[in-house]
Amino acid sequence: HGQEASVLAITDGQTLVTLPPAQDHKRAYDGDAGPNTGGMGAYSPAPLVDEPMLHWVEEHIFVPTVHAMKRARRPFRGVLYAGLMITNQGPKVLEYNVRFGDPECQPILLRLKSDLVDVLEATADGSLDRLGPLEWDPRPAVCVVMASEGYPGDYAKGYPIRGLAEAAQVPDVKVFHAGTTLKDGQVVTSGGRVLGVTALGNSIPLAKLQAYTAVKCIRWDGAWCRKDISDKAAVI
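Calculation criteria
- Residues numbered from 1 in each chain as written.
- Predicted model: local features only at pLDDT ≥ 70, side-chain atom pairs only at ≥ 80, totals over all residues.
- Heavy atoms only, no water.
- Helix = DSSP H or I, 4+ residues; strand = E, 2+ residues; numbered from the N terminus.
- Buried < 20%, exposed > 50% of the residue type's maximum accessible area, 1.4 Å probe, protein only.
- 1 Å grid on protein atoms, 1.4 Å probe; cavity = no way out; pocket = protein on both sides within 12 Å on 5 of 7 lines; lining within 4 Å.
- Points joined across faces, edges and corners; volume = space filled by probe spheres on them.
- Nonpolar A, V, L, I, M, F, W, Y, C, P; charged D, E, K, R; others polar.
- Phe/Tyr/Trp six-rings, centres within 6.5 Å; stacked < 30°, edge-to-face > 60°.
- Patch = residues over 30% accessible without salt bridge, like charges linked within 9 Å, V, L, I, M, F, W, Y side chains within 5 Å.
- Areas by Shrake-Rupley, 256 points an atom, 1.4 Å probe, with all protein chains shown as cover.
- Salt bridge = Lys/Arg side-chain N within 4 Å of Asp/Glu carboxyl O.
- Lys, Arg positive; Asp, Glu negative; His and termini not counted.
- Charge placed at Lys NZ, Arg CZ, Asp CG, Glu CD.
- Pairing = 2+ DSSP bridges.

(A) Molecular detail of unusual backbone geometry. Cis peptide bonds are those with omega within 30 degrees of zero, and the linkage from D102 to P103 qualifies with 15°. Counting through the fold element by element, P103 comes out in the loop between β8 (90-97) and α2 (105-111). Cis rather than trans, the peptide bond between Y151 and P152 has omega equal to 10°. Secondary-structure assignment places P152 in the loop between β9 (141-147) and α4 (164-168). Of note in this structure, D32 is not a glycine but carries a positive phi near 60°. Here D32 falls in the partly exposed class, since its relative accessible area comes to 33%. Look at D184: it is not a glycine, yet its phi comes out positive at around 55°. Relative to the helices and strands, D184 is located in the loop between β11 (180-183) and β12 (186-189). A relative accessible area of 80% places D184 in the exposed class.

Here it is in C-alpha cells:
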C-alpha cells in the first residue's frame, strides 16, 4: 500500500547518474478511478521522493542492482527505470524497466538542459565519470496524455488531429507524439495514448496550467484526458 513513484538512473556499469523523481498516473480516470493504463500523465520532480529518499533509492536499490549484474558477468549499460511503491516501511520495487518510461520520460527530459546525446554516448563508452554533473532546469514539468476514445480498451484510429501548431505556440510547451502517423500530409491518430502534452512552469500548478492550456488547443474525434494530472503533489 502506498503511492507509486518512478526513479530513473543512467549507468555505464561503473558510474551511476540518478535522475530527478517523477510520478505517473496509471488509472484511466480522475481521482485514480477506472482501469490501469500505460500512464495518463506524469510530473517531475515528485515531492513524494525527497532528497534523502532519492539517495536511499540510489544506495539500496540501484547500486546493488548494478553490482549484482556485474558480478553475474552481465554488466548493464543504459537506463534503469525503477517503479516504486512508497510505503510506510519505505520504497519497495514494483518493477524494473531498462528504458525511459512513458510518460515519465517527457517531463524529466524537458527539464534536462545537458545534451542527452552526450550522456548516452558516455554511457555506451563507459565514460560517465568524466561527464560532470547534469544541468537541469529548476522549474517542474507536467505531462498530460491525450488518449483515443475507448482506451485502454478498443479504440478507432485515423482521426485527423487539429490544433498542433496552436499548442506549439503556448510558452514552455512541447507536444510529444506517441500514437500518431502521417496520412496524406495530415497527422492522424494511430494509437491509444496519442500525445504527451508537456509544459514547464515556475511551480507544479503553473506547469499544469500551461499543459492544459495547450491541451485545449488540440482536437480530434474522441480525444480525452485526465484533468487532475499532478494534483497529488499538492497533498504530499
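(B) Focus on the layout of surface pockets. Looking at the largest pocket, its volume works out to about 200 Å³. Looking at the largest pocket, the residues that line it are G2, Q3, E4, Q23, D24, H25, K26, R27, D32, N36, M85 and K232. Breaking the lining of the largest pocket down by element, the ones donating at least two residues are β1 (3-11) and β3 (23-24). Residues of the lining of the largest pocket, tallied by class, amount to 1 nonpolar, 5 polar and 6 charged.

(C) Geometry of the packing of aromatic side chains. For the coordinates displayed, the defined rule picks out 2 aromatic pairs. Both rings, one in Y29 and one in W224, keep their centres 5.8 Å apart while their planes meet at 45°; by these two values the pair is tilted. Placement of Y29 in strand β4 (residues 27-29) and of W224 in the segment after α5 (204-215) is noted, with a sequence separation of 195 residues between them. Assessed through its relative accessible area of 40%, Y29 is described here as partly exposed. Its relative accessible area of 19% is what places W224 among the buried residues.

(D) Representation of a positive patch on the surface within the structure. Judged by side-chain charge, R162, K216, R219 and K227 come together as a positively charged surface patch. Positionally, R162 belongs in the loop between β9 and α4. The class for R162 is partly exposed, based on a relative accessible area of 46%.

(E) The arrangement of a negative patch on the surface in detail. Among the surface-exposed residues, D115, D118, E121 and D125 lie close enough to one another that they form a single negatively charged patch. Here D118 shows up in helix α3 (residues 116-125).

(F) Region of interest: the pairing of strand β7 (residues 78-87). Within β7, 10 of the 10 residues are buried, which leaves it mostly tucked inside the rest of the structure. Note: β1 against β7, 9 bridges, orientation antiparallel. If you follow V7 over to β7, its bridge partner there is A82. Across 7 bridges, β7 lies against β8 in antiparallel orientation. Counted as the bridge partner of G83 is E95 from β8. Here β7 folds back onto β8 in antiparallel fashion, the turn holding 2 residues.

(G) Representation of empty space enclosed by the protein. Under the criterion given, the structure shown has 2 cavities of 30 Å³ or more. Considering only enclosed or pocket space, the largest cavity measures out at about 50 Å³ in volume. Taken together, E4, A5, S6, D24, K26, Y81, G83, L84, E95 and E104 make up the lining of the largest cavity. Considering only enclosed or pocket space, the second largest cavity measures out at about 40 Å³ in volume. Lining of the second largest cavity is provided by D102, Q106, V145, F176, H177, A178, R193, L195 and G196. Sorting the residues of the lining of the second largest cavity by element identifies β10 (173-177) and β13 (193-200) as the ones contributing at least two each.

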